[in-house]
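In case you want the letters, here they are:
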Amino acid sequence: MAIQDLQKYRPEIHFAPKENWMNDPNGLVYFEGEYHLFFQYNPNDSVWGPMHWGHAVSKDMITWEELDIALYPDENGTIFSGSAVVDWKNTTGFFPDEPGLVAIFTHHKDGVEGKPQVQTQSLAYSHDKGRSWTKYEGNPVLGHATKVDFRDPKVFWLQDTDKWIMVLATGQTITFYSSPNLIDWQIESEFGDNIGSHDGVWECPDLLQLKVEGSNEEKWVLFVSIGDNPQLDAGSRTQYFIGSFDGSTFKAEHTDIRWLDFGKDNYAGVSFSDVLDGRRIYLGWMSNWRYANEVPTEGWRSQMTLPRELSLREVADKYQVVQKAVKELDSYFSNKEDLEETIVRESETKSYKMTNSYGEIVLNIQRVDATQFGITLKHTEEQSTTLKFDSKEDVLVLDRLKSGPHDFSENFSKEQSLKLEDTTKVQLRLVIDSSSVEVFVNDGAYALTSLIYPDEIGEEFSVFAVDGTVKITDSYVSQPQKNQIT
Ligand code: FRU
């Protein structure tokens, strides 16, 4: 493989494996000064195959060092998704001397001779900060006689009950288990019948407490990723439920379906365990099962979203999950340029310069009387990505039809959109990397995450207005200094 092939489309501020295939983030945990990112990994090919856990570590969740494979398939099966925790109190007995990491993951066995697949939950532990792992001799620790889809354990310590809680995807429900020691599990309850989207199999759940912005109130939020359904354009995506959890049962406080991201490329995301400063930080797999195996990278496939800090905010009488790129990202942008306050009129596109590198664009746009307005990222003479607000429908649409190659999948070029309450005043933050745009609207109230494959990011973007004018205030572009680009 020529070096430039491996470099093409390679992100600068997102994690991607050096080679071969990656999907879900697994075992996100902070321990002794390092953030750990394990991931679904096929070391033999750049398409999905027998799963291992790949491994990377970081001090800031932006620059990652890829380490050796952490978990290999064994007699119990290949290694599907799961989580990792620090066993501070040696509840397992694995850590008589000092605390260490435990991975809780799904062992997967393909069905043979007409029999269904078998999925069970297992443990592995590490005494050396995740560099080497021992599988627990009593694996698997949790199975099911009849459930065929029984996977993706997310585990956390619940102080109130002094127990570990496991949140598990069980077909089209989530089942909650509890345990004193990660080894013996007891069923608590099942959630999901007659509520939420059932467009596909439920996968990769997470249950976490989020703060309501500007208050001390916290609410429980259950994330559920929904597998691809070929009948639907959206492909695989993540929904969430806000409610309460008493250590045994989760109750949602709403019946409407709430999506975490309005772009196509954020799936199977979960939160970090044991982050010491109490932030709830999440990242997702920046792809979609609909076309993940076909995207035009060579020798490697897939990258993660930026890590995002999560909270709750009341928007138009209902709570929403708010996502903001972690503050660690800011130090990557040492070259900040304020944009002058400007009126943009119909047919007078206003253009700005960029340094043809990753960066962020923050725009505060006031609609005076335009019916449509937006921003075009000009990548090359032929390639561009457009974000357009339509004030009649109050929607934001991202169009990547001209961004770069898209014919690897019919679905990839379809528009991605999100419905807003109002478009008279919007704040837009775009984080742009070699092959992605992450859009955050109104200070993180909405996210739209999208892959793009331009030949280069480009040196220019422009703001446009249709049928009237818009006003740009308090806006800026932040990028690395040219000589800092890695
Ligand atoms: C989600 C998923 C998980 C499974 C893993 C297999 O993307 O299907 O449910 O554990 O991928 O790679």
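Going by the structure above, here's the rest.
Here the structure is a predicted model, which means the values were calculated and not measured.

What counts as what
- Residues numbered from 1 in each chain as written.
- Predicted model: local features only at pLDDT ≥ 70, side-chain atom pairs only at ≥ 80, totals over all residues.
- Heavy atoms only, no water.
- Helix = DSSP H or I, 4+ residues; strand = E, 2+ residues; numbered from the N terminus.
- Buried < 20%, exposed > 50% of the residue type's maximum accessible area, 1.4 Å probe, protein only.
- Polar contact = N/O pair within 3.5 Å; in protein donor to acceptor, adjacent residues only side chain to side chain.
- Contact = heavy atoms within 4.5 Å.
- Core = buried A, V, L, I, M, F, W, Y, C linked by side-chain atoms within 4.5 Å.
- Domains from an automatic or database assignment.
- Near = heavy atom within 4 Å.
- Nonpolar A, V, L, I, M, F, W, Y, C, P; charged D, E, K, R; others polar.
- Pairing = 2+ DSSP bridges.
- Axes fitted to C-alpha atoms, helices over the stretch in contact; angles between N-to-C directions.

(A) Broad picture of the side chain of Thr 106. Among the secondary structure elements, Thr 106 is positioned in strand 6 (residues 101-109). A relative accessible area of 0% means that Thr 106 is categorised as buried. Here Gln 121 takes part through its side chain, which lies 2.8 Å from a polar atom of the side chain of Thr 106. Once residues lying within four places of it in the same chain are set aside, the contact partners of Thr 106 are Thr 78, Ile 79, Phe 80, Ser 81, Gln 119, Thr 120, Gln 121, Phe 150, Arg 151, Asp 152 and Pro 153.

(B) Just the side chain of Gln 239, in detail. Its place among the elements puts Gln 239 in strand 15 (residues 237-245). Polar contacts involving the side chain of Gln 239 include one to the main-chain amide nitrogen of Ser 197, which spans 2.9 Å. Beyond its immediate stretch of four places on either side in the chain, Gln 239 contacts Gly 196, Ser 197, Trp 202, Leu 222, Phe 223, Val 224, Ile 226, Ile 257, Arg 258 and Trp 259.

(C) The arrangement of the nonpolar core in detail. By size, the foremost hydrophobic cluster in this structure holds 38 residues, and its most contacted members are Phe 15, Leu 37, Phe 39, Trp 64, Phe 272, Met 304 and Leu 329. Of all the secondary-structure elements, those providing two or more residues to this core are strand 1 (20-31), strand 2 (34-42), strand 18 (267-271) and strand 19 (281-285). Composition of this core by domain shows at least three residues from each of domain 1 (5-327) and domain 2 (333-484). Within the second largest apolar cluster, 36 residues are counted, among which are Val 315, Leu 363, Leu 398 and Val 477.

(D) Representation of the site of the ligand in the model. Contacts to the ligand come from 13 residues, most closely from Asp 24, Gln 40, Arg 151, Asp 152 and Glu 203. Note that an oxygen atom of the ligand is positioned 2.8 Å from one of the side-chain N or O atoms of Trp 289. Listed by contribution, the elements that provide at least two residues to the shell around the ligand are strand 1, strand 5 (78-86), strand 9 (151-158) and strand 13 (202-211). In terms of residue class, the shell around the ligand is made up of six nonpolar, three polar and four charged.

(E) Looking closely at the sheet that holds strand 10 (residues 163-169). Pairing in this open sheet of four strands is antiparallel, and the strands run 9-10-11-12 from one edge to the other. This sheet does not close on itself; its edge strands, each paired only once, are strand 9 and strand 12 (186-191). Strand-to-strand, the axes of this sheet are offset by a mean angle of 25°, without reference to chain direction. Both strand 10 and strand 11 (residues 174-179) contribute to a ladder of six bridges, which runs antiparallel. Its bridge partner lying in strand 11, Ala 169 is registered against Ile 174.

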